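What the coordinates show
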Amino acid sequence: MNLFADIRALVIQELEAMTAEGALPEGLSLANVAVEPPRDAAHGDMATNAAMVLAKPAKANPREIAGKLAERLAADERIESAEIAGPGFINLRLVSGVWGGVVKAVLAQGEGFGRSDLGEGRRVNIEFVSANPTGPMHVGHTRGAVFGDALASLLAYSGHEVTREYYINDGGAQVDVLARSVYLRYLEAHGQEVAFEDGTYPGDYLVPVGEALKAKVGDAFVDKGEQVWLEEVRDFATEAMMGLIRADLAALGVEMDVFFSEKALYGTGKIEAAIEDLRDKGLIYEGKLKPPKGKLPEDWEAREQTLFKSTEFGDDEDRPVQKADGKWAYFAPDIAYHFDKVSRGFDELIDVFGADHGGYVKRMKAAVAALSDNRVPLDVKLVQLVKLFKDGQEFKMSKRAGTFVTLRDVVDEVGADVTRFVMLTRKNDAPLDFDFAKAMEQSKDNPVFYVQYAHARVRSVLRKAEAAGWDVSEKNLLEQEPGTVHPAELATMRKLAEWPRMVEIAAKGHEPHRIAFYLYDLAQAFHALWHRGNDEPELRFFQEGNESASLPKIAIAKAVSVVISSGLGILGVTPAEELR
RNA sequence: GGACCCAUAGCUCAGCUGGAUAGAGUGUCGCCCUCCGAAGGCGAAGGCCGUAGGUUCGAAUCCUACUGGGUCCGCCA
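Let me begin by describing the structure that accompanies this report. Here the structure is a predicted model, which means the values were calculated and not measured. Residue positions are given per chain, counted from 1 along the sequence in the order it is written. The order in which chains are written sets their letters, starting at A; the order in which ligands are written sets their numbers, starting at 1. Since the coordinates come from a predicted model, pLDDT governs what is reported: local features require at least 70, and pairs of side-chain atoms require 80 or more to be given and counted, while whole-chain, interface and lining totals use all residues. Side-chain calculation: all heavy atoms of the structure are included, whereas hydrogens and water are not.

1. Topic: the overall build of chain A
Under the DSSP-based scheme used, a helix requires at least four consecutive residues in state H or I and a strand at least two consecutive residues in state E, with every element numbered from the N terminus. Per the secondary structure count, chain A includes 19 helices and 15 strands. Taken over the C-alpha atoms alone, chain A extends approximately 85 × 60 × 40 Å along its principal axes. Evaluated residue by residue, chain A yields a buried proportion of 50% over its 580 residues. In this analysis, two residues are considered to be in contact whenever any of their non-hydrogen atoms come within 4.5 Å of each other. Of the contacts made within chain A by residues no fewer than 6 positions apart, 72% connect residues no fewer than 24 positions apart. With residues, only the protein chains shown are counted as cover, and all accessible areas are computed by Shrake-Rupley using a 1.4 Å probe. For chain A, the computed accessible surface area is about 26700 Å², with 48% contributed by carbon and sulfur atoms. Of note, chain A has its 68 positive side-chain charges centred 3 Å away from the centre of its 91 negative side-chain charges. Exposure categories follow from relative accessible area, calculated using a 1.4 Å probe and restricted to protein chains: below 20% of the type maximum is buried, above 50% is exposed, and the middle band is partly exposed. Only four residue types enter the charge count, namely Lys and Arg as positive and Asp and Glu as negative; His and the chain termini do not. Think of each charge as sitting on NZ of Lys, CZ of Arg, CG of Asp or CD of Glu.

2. A word on helix H11 (residues 361–371)
Taken across its eleven residues, H11 has nine buried, putting it largely inside the fold. Every buried residue of H11 is accounted for by Val 361, Arg 363, Met 364, Ala 366, Ala 367, Val 368, Ala 369, Ala 370 and Leu 371. Buried residues along H11 sit in contact with helix H9 (270–280), strand E9 (304–308), strand E10 (319–320), helix H10 (331–343), strand E11 (348–354) and strand E12 (378–383). Looking at the residues trailing H11, positive phi occurs at Asp 373, about 50°.

3. With respect to the packing of aromatic side chains
Pairs were defined over the aromatic rings of Phe, Tyr and Trp, the Trp ring being its six-membered one, requiring ring centres within 6.5 Å. Orientation was assigned from the angle between planes: stacked under 30 degrees, edge-to-face over 60, tilted for the rest. Within the structure shown, the criterion is met by 19 aromatic pairs. Both rings, one in Phe 308 and one in Phe 331, keep their centres 6.1 Å apart while their planes meet at 50°; by these two values the pair is tilted. Taken together, the positions of Phe 308 in strand E9 and Phe 331 in helix H10 put the pair 23 residues apart, joining distant regions of the chain. In this structure Phe 331 comes out as buried when scored by relative accessible area, which is 4%. An aromatic cluster is present here, built from Tyr 183, Tyr 186, Phe 221 and Trp 229 joined pairwise through their rings. Either the NZ atom of lysine or the CZ atom of arginine qualifies as a charge over a ring when it sits within 6 Å of the ring centre and within 35 degrees of the ring normal. We note Arg 363 situated over the ring of Phe 331; from NZ or CZ to the ring centre the distance is 6.0 Å. Arg 501 extends its terminal NZ or CZ atom over the ring of Phe 4, reaching a point 5.2 Å from the ring centre.

4. Structural notes on empty space enclosed by the protein
Using only the protein atoms, space was sampled on a 1 Å grid; points where a 1.4 Å probe fits but cannot get out form cavities, open sets with protein on both sides within 12 Å along at least five of seven lines form pockets, and lining residues are those with an atom within 4 Å of a point. Grid points are joined across faces, edges and corners, and a volume is the space filled by probe spheres set on the points. Following the criterion strictly, the structure yields one cavity of 30 Å³ or more and no others. Approximately 100 Å³ is the volume attributed to the largest cavity. Surrounding the largest cavity, Gly 100, Val 103, Lys 104, Leu 107, Leu 477, Leu 478, Gln 480, Pro 482, Met 493, Pro 552, Ala 555 and Ile 556 form its lining. Those elements giving two or more residues to the lining of the largest cavity turn out to be helix H4 (96–109), helix H16 (474–478) and helix H19 (547–571). Classification convention: Asp, Glu, Lys, Arg as charged; Ala, Val, Leu, Ile, Met, Phe, Trp, Tyr, Cys, Pro as nonpolar; all other residues, Gly among them, as polar. Here the residues of the lining of the largest cavity are counted per class, giving nine nonpolar, two polar and one charged.

5. Points about the protein's contact with RNA strand B
Put simply, a residue is near a molecule or strand once any heavy atom of it comes within 4 Å of that molecule or strand. Inspection of the region around RNA strand B gives 63 residues, with Phe 89, Gln 442, Arg 501, Ile 505 and Trp 530 positioned closest. The share of sugar and phosphate among atoms of RNA strand B within 4 Å of the protein is 59%. By the criterion applied in these results, polar contacts are pairs of N or O atoms within 3.5 Å in which, for protein atoms, one can donate a hydrogen and the other can accept it, and in which residues neighboring in sequence qualify only through two side-chain atoms. A distance of 3.0 Å is found between a sugar or linking oxygen of RNA strand B and a side-chain nitrogen or oxygen belonging to Lys 362. Phe 541 is positioned such that a nitrogen or oxygen atom in its backbone is 3.5 Å from a base oxygen of RNA strand B. Among the elements that line the surface near RNA strand B, the one with the most residues is helix H18 (residues 513–535), at eight residues. Looking at the surface near RNA strand B residue by residue, the class counts come to 23 nonpolar, 15 polar and 25 charged.

6. Comments concerning the packing of H9 against H10
An axis is simply a line fitted to the C-alpha atoms; with a helix, the fit covers only the stretch in contact. Between two such axes, the angle follows the N-to-C directions and lies from 0 to 180 degrees. Contact geometry for H9 and H10: axes closest at 8 Å, N-to-C directions at 85°. Regarding the angle of H9 to H10, the classification is roughly perpendicular. Between H9, through Lys 270, Ile 271, Ala 274, Ile 275, Asp 277 and Leu 278, and H10, the contact on the second element is made entirely by Ala 332, Pro 333, Ile 335, Ala 336, Phe 339 and Asp 340. Across the contact of H9 with H10, the residue classes break down as nine nonpolar, no polar and three charged. Any angle that falls under 35 degrees is termed roughly parallel, while one over 145 is termed roughly antiparallel, one within 65 to 115 roughly perpendicular, and all others oblique.

7. Quick look at the side chain of Ser 130
Relative to the elements of secondary structure, Ser 130 occurs in the loop between strand E5 (123–127) and helix H5 (139–157). When its relative accessible area of 14% is taken as the criterion, Ser 130 is described as buried. At a separation of 3.1 Å, a polar atom in the side chain of Ser 130 contacts the side chain of Glu 127. The residues touching Ser 130, leaving out its near neighbours within four places in the chain, are Tyr 166, Tyr 167 and Asn 169.

8. Remarks on the pattern of salt bridges
Put simply, a salt bridge is a Lys or Arg side-chain nitrogen that is within 4 Å of an Asp or Glu carboxyl oxygen. The final tally for this structure, using the stated rule, is 34 salt bridges. For the salt bridge of Arg 122 with Glu 120, the shortest nitrogen-to-oxygen distance reads 3.4 Å. Residue Arg 122 is classed as partly exposed on the basis of its relative accessible area, which comes to 31%. Classification of Glu 120 by relative accessible area gives exposed; the value is 64%. Taken together, the shared-partner salt bridges connect Glu 165, Lys 270, Asp 340 and Arg 344 into one network.

Okay, structure coming up:
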């Protein structure tokens, strides 16, 4: 049930009836007709812009259209009043029974209240994290992981068939570096003194990998040349790193459906096939690039190379797919990878990248547009940097200084739930300040706590009611008829009614942060209602010895907890039963 | 030199694909604890939505140009 969609359907229906009667010209587009909550609650429960949107194409006065439409809308049994305001808004006030109906819908549908078939079962592939398999995940990856996972849940909740996917960059030079680093640890495990020079990874996390390698191959690789051990050590190390990363993801509560290996694209003809596909479309050619403007690299020289005509799809330059030595540039396997995704039949692709990949977006979109003949849209979500704060001081990450903050550091300190929620209280394209102290603070300025507190309060009320021997099952609460609904309660019910709409908006825009903000608003409405009970005992949810007065209010409270629970579920956060 | 992102209250940020008098939190100021949980509650003050143009019934939102900040810019991935 989506009350806003229902009322919008009513508006559309009446507009069509007006057209049929000749009050409006034929053929008007009703696509922009919206039914929204008014900014100011004093204006009513809902407002529609229908008259203003249609005034121009209908060549009529907006207030005139509004007048006719309002009259018709007012005749509906759900609508108490329809008033024209401002330039031609129609403010609708709904009969109070409608709001009670919302509570009932929540209780009856549970977690299903807010689910929709918006996606119509379209298959969406979300690629996220995709951290290089060269070490544990750090905070930057964490934000991408949380964002991608929440977006995936949001789309699944909205009727999409979602695949969570991780692209393992195990095909490039960085895994050779990893292998050499592990080899050093391996020598170390054999008692040798080793030095970690530039271009190797000195992190302690490779110590156990070196030891494990020793346990596996003994001294077979000691004092041998790279050609003997590189390949095997590389595989061994990559696997070990992926083990680390999987464990990190698990600690955060992220579960991937697919791990896709870059290496698996090499030697199988997949890259060549993807490039050939583009070549057949006339989008691959041999040529020279213009030198980049501004400061030139020292050794720049124009060179003939294999280029992808990404400019045909809105990119600024054509992009090379091959390096000078004839090997594929990183872009080539990435094209092949996306070609693979397209050919797996996805209707929509989403890539979640770090902000430092911003320059890569256009060419990737160009590639997907070309590969899919513009059939499959690719949305690239760039996740901005996370700034860490400890005790109010910015805490700079630096591999060299050893102040390298891993996902584990954060999760161990504040827990997965808090980490996830905090990271979702910001748009993905805005930088995020993560303050350890604030994340743990139990006060109103900590949204995590505030939302959890609302949920815990409801559970507390339910426990009390149960202790009093009352039946607070959904079934029984559904049968409660509230006598008169207090205006303070209406505010909370209105918020509940917005949930399906909010999910839809968030899903359409690929913006899971909206869910977090909505939950904060809902919690706020609930807390406000709770506190009214201090002064007005008849508003309390649990009224000692007065079951019949309490149960309708408990129904509202329970509905709030259901929606909070749904919302937190999308964000991947466990709702709190109690706080201490 | 170019590309992408950002600019909204003193501070940290929302703003629902163009709607009405731009909202939260924090900070400041004023009230409120015999009360289902005061680790709070109610209220007030606080704004040239970076600047200048444009699009239209209507712009924080869309377009252009500036200004300021971030990220990045063949043969790294």
